[in-house]
Amino acid sequence: MTDMKYTTGNVLLFVPNLIGYARIILALVSFYYMPTDYGKAAFCYLLSGLLDALDGHAARLLNQCSKFGAMLDQLTDRAATACLCVTLAILYPRYALFFQLSMALDIVSHWMHLHASLMKGSSHKAMDLNSNPIMRLYYTSRPVLFVMCAGNEIFFSMVYLLNFTEGPMIIGVSTYRLLLYVTAPIMAGKALISFIHLIDASIRIASIDAEEKSM
């Protein structure tokens, strides 16, 4: 505990939250350019995603973790991916259902997980010994979390870019297409984790209901 008294303004201006605001601005710029300038759109989108890795480090380093920051982080992630999936559904109408389901699973599973954690009074990244082992590995291993999140964003970004260009060629191979193939298993793995998110959170919320009904 600290003797320092924080105000609402202090929390809103925490460094990780400022990074979060910058992520939102970059995402909005990316959405604006998505129909017309794939270079600027992809750059801003991926930079926004990269900053996602920095805000957590800043929060821990500066002791500026907050419920608002956790909510801001989650909502920015979900909204950015959802907006990209909307664009992809337009660019690839044949695969619209895939992007719609991916977006729905991502939003619903993380929403359920976040609220289950808040109902328990803990961080959405806090995992105890009774947690699902896959979820515990996902949230307690920073390298695993980074690879899964980064790989998922790179996959969808490459799908977007490939609608416009194959990108730089190396020995006759498209770098964008190569990145797509490399990150496809990561995207599939993260989708599986999102499904586990949903099931695990549903069970935890139902257990809270059971406890309350038994009192």
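Residues numbered from 1 in each chain as written. Predicted model: local features only at pLDDT ≥ 70, side-chain atom pairs only at ≥ 80, totals over all residues. Heavy atoms only, no water.

Q: For the side chain of D55, give the residues involved together with the corresponding values.
A: Here D55 lies in helix α3 (residues 38–61). Lacking a salt bridge, the buried D55 has R23 as its closest oppositely charged neighbour, with an N-O distance of 4.2 Å. If near-sequence neighbours (up to four positions away) are discounted, D55 is found in contact with P16, I19, R23 and D73. (Helix = DSSP H or I, 4+ residues; strand = E, 2+ residues; numbered from the N terminus. Buried < 20%, exposed > 50% of the residue type's maximum accessible area, 1.4 Å probe, protein only. Lys, Arg positive; Asp, Glu negative; His and termini not counted. Salt bridge = Lys/Arg side-chain N within 4 Å of Asp/Glu carboxyl O. Contact = heavy atoms within 4.5 Å.)

Q: Describe in detail the pattern of salt bridges, supporting the description with residues and values.
A: Counting across every chain of the model gives seven salt bridges. The residue D73 makes a salt bridge to R23 at a minimum N-O spacing of 3.3 Å. In this pair, D73 is assigned in helix α4 (residues 67–91) and R23 in helix α2 (residues 15–33), connecting sequence segments 50 residues apart. We classify D73 as buried; its relative accessible area is 12%. Across the salt bridge formed by R204 and D200, the nearest N and O atoms sit 3.2 Å from each other. Pair noted here: R204 and D200 are both in helix α8 (residues 175–214), with a separation of four residues, about one helical turn.

Q: Requested: an account of the environment of E211, with residues and values cited.
A: Tracing the sequence through the fold places E211 in helix α8. Put simply, E211 and A53 are 158 residues apart on the chain and 36 Å apart in space, counted from C-alpha to C-alpha.

Q: Lay out the packing of helix α5 (residues 96–119) against α8 in plain terms, naming residues and giving numbers.
A: Taken N-terminus to C-terminus, the directions of α5 and α8 make an angle of 40°; their axes are 8 Å apart at the nearest point. One way to sum up the angle between α5 and α8 is to call them oblique. Considering only the axes of α5 and α8, their crossing is left-handed. For the pair α5 and α8, contact is made by F98, L105, D106, V108, S109, H110, M112, H113, A116, S117 and M119 and by M187, K190, A191, S194, F195, H197, L198, A201, S202, R204, I205 and I208, respectively. (Axes fitted to C-alpha atoms, helices over the stretch in contact; angles between N-to-C directions. Parallel < 35°, antiparallel > 145°, perpendicular 65-115°, else oblique. Left-handed = near helix turned anticlockwise from the far one by under 90°.)

Q: Outline α8, listing residues and values.
A: Under the 1.5 Å per step criterion, the end-to-end length of α8 is 58 Å for 40 residues, consistent within 8% with the ideal 58 Å. At T183, α8 shows its maximal kink, close to 40°; a proline, P185, follows between one and four residues later. Measuring from the side-chain oxygen of the N-cap residue of α8 to the backbone nitrogen of Y176 gives 3.4 Å; that N-cap residue is S174. (Expected span 1.5 Å × (residues − 1). Bend = angle between axes of the 7 residues up to and from the residue. Polar contact = N/O pair within 3.5 Å; in protein donor to acceptor, adjacent residues only side chain to side chain.)

Q: Please provide a residue-by-residue account of empty space enclosed by the protein, values included.
A: In the structure shown here, the tally under the stated rule is one cavity of 30 Å³ or more. There is about 30 Å³ of room inside the largest cavity. Going through the elements one at a time, α3 and α7 (142–162) are the ones with two or more residues in the lining of the largest cavity. Looking at the lining of the largest cavity element by element, the count peaks at three residues for α3. Looking at the lining of the largest cavity residue by residue, the class counts come to six nonpolar, two polar and no charged. (1 Å grid on protein atoms, 1.4 Å probe; cavity = no way out; pocket = protein on both sides within 12 Å on 5 of 7 lines; lining within 4 Å. Points joined across faces, edges and corners; volume = space filled by probe spheres on them. Nonpolar A, V, L, I, M, F, W, Y, C, P; charged D, E, K, R; others polar.)

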